[in-house]
Amino acid sequence: MKNIKFDYKNSFDFLNEDDLKKYDEKIKEVHNMLHNKTGKGKEFLGWLNLPSNFDKDEFDRIKICSEKIKSDSEILLVIGVGGSYLGARAAINMLGSTFQECIDNKSNKNTKIYFAGNNLSTNYICDLIELIGERDFSINVISKSGTTTEPAIAFRIFREILEKKYGKENASKRIYVTTDKEKGALKNMSDKEGYETFVIPDDVGGRYSVLTAVGLLPICVAGYNIDDIMNGANDAMLRLNNDDIFENESYQYAICRNIFYKLGKSVELFATYEPKLNFFCEWCKQLFGESEGKEGKGIFPAAATYSTELHSIGQYIQEGKRIMFETVFEIEDICKKLVIPYDEDNLDGLNYLDGKDVEFVNKKSLQGTVVAHTDGGVPNLIIKIPEINEYYFGYLVYFFEKACAMSGYLLGVNPFDQPGVEEYKKNMFALSNKPGYEDRKEEIEKKIYRK
């Protein structure tokens with residue numbers, strides 16, 4: 001297999017190899033801290049060796065349950081928020097047909113995957129209920145505690161629909177729970193009702209959990225090869241397990257981000273010219289945003305799909321405030337061909353592209369944009385992916401997890417906690433009259449209504 005490559009040569013106006021060399025001692029220090037588990041958040045480093053040190057029995061059980069779900073369900077409803085769904089959605093979006101949800105089951109035998117519990121929109125939930133209709137479906141609910149508001153509400157609603165449709169006993173055979181191994185509301189409910197359960201490891205945080213049952217069960221049900229995903233991640237783990245900054249490309253990427261941050265580049269724009277990577281960019285946004293955005297520090301992660309958004313925010317990127325850099329995903333071989341035809345009248349002036357592949361034009365758009373943005377003061381980093389498949393998805397996941405851990409430590413924060421996300425929840429609980437938050441409600445209402 002070809003390797004995924006990291007290319008930072010388009011940023012030589014902003015940094016060079018000598019700048020990277022200055023990080024050599026620090027990288028070695030942080031690498032040892034990471035692998036010896038002596039740094040902040042050390043209790044959440046289970047992802048580090050996960051590609052080789054995963055529960056093989058549970059892995060086999062994921063495959064068995066996937067076959068059952070595919071045999072009795074047209075739809076698998078995946079209920080979760082944040083890291084509990086973004087990894088699976090990124091994989092399915094990347095590996096499947098762009099319009100797979102529109103393909104009827106007669107020509108597409110794979111079980112369709114839909115997602116709930118990632119928002120609180122009444123319209124979204126009602127539209128999803130209407131979409132499911134009378135079709136056979138199962139549920140995979142994913143939550144460490146089982147009390148996170150968004151997925152808990154969705155699970156209560158869809159569990160009731162499932163039980164009314166199949167009866168409580170038969171419905172229990174269609175509910176698959178991914179949760180804590182020993183404790184929590186969802187674990188207790190599963191034990192009581194007899195649901196099939198999978199484990200969210202104690203030492204793996206949500207945004208690092210895609211290579212556990214959290215991501216692997218939905219991905220497997222969707223019809224993709226999870227062995228290849230783990231093989232890709234394992235190869236990344238082996239290749240990136242060294243402290244040489246000129247061999248470890250994930251560390252090169254982390255260093256470049258840190259240098260840009262010190263130069264005042266506080267926004268990272270994940271850019272793809274392939275819509276299949278839209279949700280991988282969303283996964284990256286959570287990974288870095290939740291890992292680094294704390295203590296008044298951090299690079300703000302954003303995402304854009306080109307060339308679409310070159311016609312909307314392209315002007316700002318080219319000539320707006322010089323606060324950003326871009327991390328560009330380049331697919332080297334899309335494995336599909338579509339030739340631009342000759343037109344005798346040539347009214348659109350495109351005959352100079354006669355016989356060229358559409359992807360040829362897409363590549364020239366990428367190359368031209370990288371040069372333009374770099375010349376305009378926006379450094380560009382490029383992640384070169386040989387092709388889209390399960391192996392490279394697994395490799396990419398580990399590459400970014402390793403880079404994020406290093407980047408967070410270079411920034412001086414704990415990359416594995418997320419204390420800030422609790423604040424909005426406390427306010428929401430108080431305003432929703434959740435017991436125990438009464439004292440907070442009056443204070444919040446004063447701020448809302450400016451009393």
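Residues numbered from 1 in each chain as written. Predicted model: local features only at pLDDT ≥ 70, side-chain atom pairs only at ≥ 80, totals over all residues. Heavy atoms only, no water.

Draft legend 1. Summary view of the sheet that holds strand β3 (residues 112-116). Read from one edge to the other, the open sheet built from five strands follows the order β3-β2-β4-β5-β6, with strand pairing classed as parallel. The open sheet terminates on both sides in strands that have one partner only, identified here as β3 and β6 (196-199). Sheet twist, expressed as the average angle between the axes of neighbouring strands with direction ignored, equals 20 degrees. Set on the sheet, helix α5 (residues 122-132) makes contact with β2 (75-79), β3 and β4 (137-142); between it and β3 the angle comes to about 155 degrees. (Pairing = 2+ DSSP bridges. Helix = DSSP H or I, 4+ residues; strand = E, 2+ residues; numbered from the N terminus. Axes fitted to C-alpha atoms, helices over the stretch in contact; angles between N-to-C directions. Contact = heavy atoms within 4.5 Å.)

Draft legend 2. Seen up close, the sheet that holds strand β7 (residues 267-272). Here five strands make up an open sheet; going across it, the order is β1-β10-β9-β7-β8 and the pairing mixed. Each edge of the open sheet carries a strand with a single partner, namely β1 (5-7) and β8 (300-305). The sheet shows a mean angle of 20 degrees between the axes of neighbouring strands, direction not considered. Relative to strand β10 (residues 380-385), strand β9 (residues 324-331) runs parallel, the two being bridged by six bridges. By the bridge assignment, T327 is partnered in β10 with L381. Strands β7, β8 and β9 of the sheet are contacted by helix α12 (residues 278-292), whose axis makes an angle of about 175 degrees with β8. Packed onto the sheet, helix α15 (residues 390-411) meets β1, β7, β9 and β10 and runs at close to 145 degrees relative to β10.

Draft legend 3. The pattern of salt bridges, seen in detail. Scanning the model with the defined rule gives 26 salt bridges in all. A salt bridge links D7 to K9, with the nearest nitrogen and oxygen atoms 2.4 Å apart. Look at K9 and you get partly exposed, because its relative accessible area is 48%. A network of salt bridges, in which partner residues are shared, links K144, D180, K183 and D202. (Salt bridge = Lys/Arg side-chain N within 4 Å of Asp/Glu carboxyl O. Buried < 20%, exposed > 50% of the residue type's maximum accessible area, 1.4 Å probe, protein only.)

Draft legend 4. Representation of the environment of G87 in the model. Examined against the element boundaries, G87 turns out to sit in helix α4 (residues 86-95). Taking relative accessible area as the criterion, G87 reaches 3% and is therefore assigned buried. Here the alpha-carbon distance between G87 and G206, two residues 119 residues apart in the chain, equals 9.6 Å. If we ignore the near neighbours within four places in the chain, the residues touching G87 are V210, W283 and F393.

Draft legend 5. Fine view of the packing of helix α11 (residues 249-262) against α15. In contact at an axis separation of 8 Å, α11 and α15 are set at 40 degrees when each is read in the N-to-C sense. Classified by the interaxial angle, the pair formed by α11 and α15 is oblique. As for the relative orientation of α11 and α15, their crossing is right-handed in sense. On the side of α11, the interface is formed by E249, S250, Y251, Y253, A254, I255, R257, N258 and Y261, while α15 contributes F399, F400, K402, A403, M406, S407, L410 and L411. For the contact of α11 with α15, the per-class residue count stands at eleven nonpolar, three polar and three charged. (Parallel < 35°, antiparallel > 145°, perpendicular 65-115°, else oblique. Left-handed = near helix turned anticlockwise from the far one by under 90°. Nonpolar A, V, L, I, M, F, W, Y, C, P; charged D, E, K, R; others polar.)

Draft legend 6. Spotlight on a negative patch on the surface. Together, D343, E344, D345 and D348 make up a negatively charged patch on the protein surface. Relative to the helices and strands, D343 resides in the loop between β9 and α14 (358-375). The exposure class of D343 is partly exposed, given its relative accessible area of 37%. (Patch = residues over 30% accessible without salt bridge, like charges linked within 9 Å, V, L, I, M, F, W, Y side chains within 5 Å. Areas by Shrake-Rupley, 256 points an atom, 1.4 Å probe, with all protein chains shown as cover. Lys, Arg positive; Asp, Glu negative; His and termini not counted. Charge placed at Lys NZ, Arg CZ, Asp CG, Glu CD.)

Draft legend 7. Spatial organisation of α14. The first and last C-alpha atoms of α14 sit 26 Å apart over 18 residues, in line with the 26 Å expected at 1.5 Å per residue. Along α14, the positions that sit buried rather than exposed are E359, N362, K363, L366, T369, V370, H373 and T374. What you see down the axis of α14 is that its buried residues fit within an arc of 130 degrees, all on one side. Residues of α14 that are buried sit in contact with α13 (314-319), β9 and β10. The N-capping residue of α14, defined by a side-chain oxygen 2.8 Å from the backbone nitrogen of E359, is D357. At the C-terminal side of α14, G377 shows a positive phi close to 95 degrees. (Expected span 1.5 Å × (residues − 1). Arc of directions from axis to C-beta. Polar contact = N/O pair within 3.5 Å; in protein donor to acceptor, adjacent residues only side chain to side chain.)

Draft legend 8. Local environment of the side chain of N118. Relative to the assigned elements, N118 resides in the loop between β3 and α5. Ignoring any residue separated from it by four or fewer positions in sequence, one finds N118 in contact with G80, V81, Y85 and Y124.

Draft legend 9. Highlighting a nonpolar patch on the surface. A cluster of nonpolar residues, L431, I448 and Y449, forms a patch on the protein surface that exposes about 310 Å² of accessible area. One can find I448 in helix α17 (residues 438-449).

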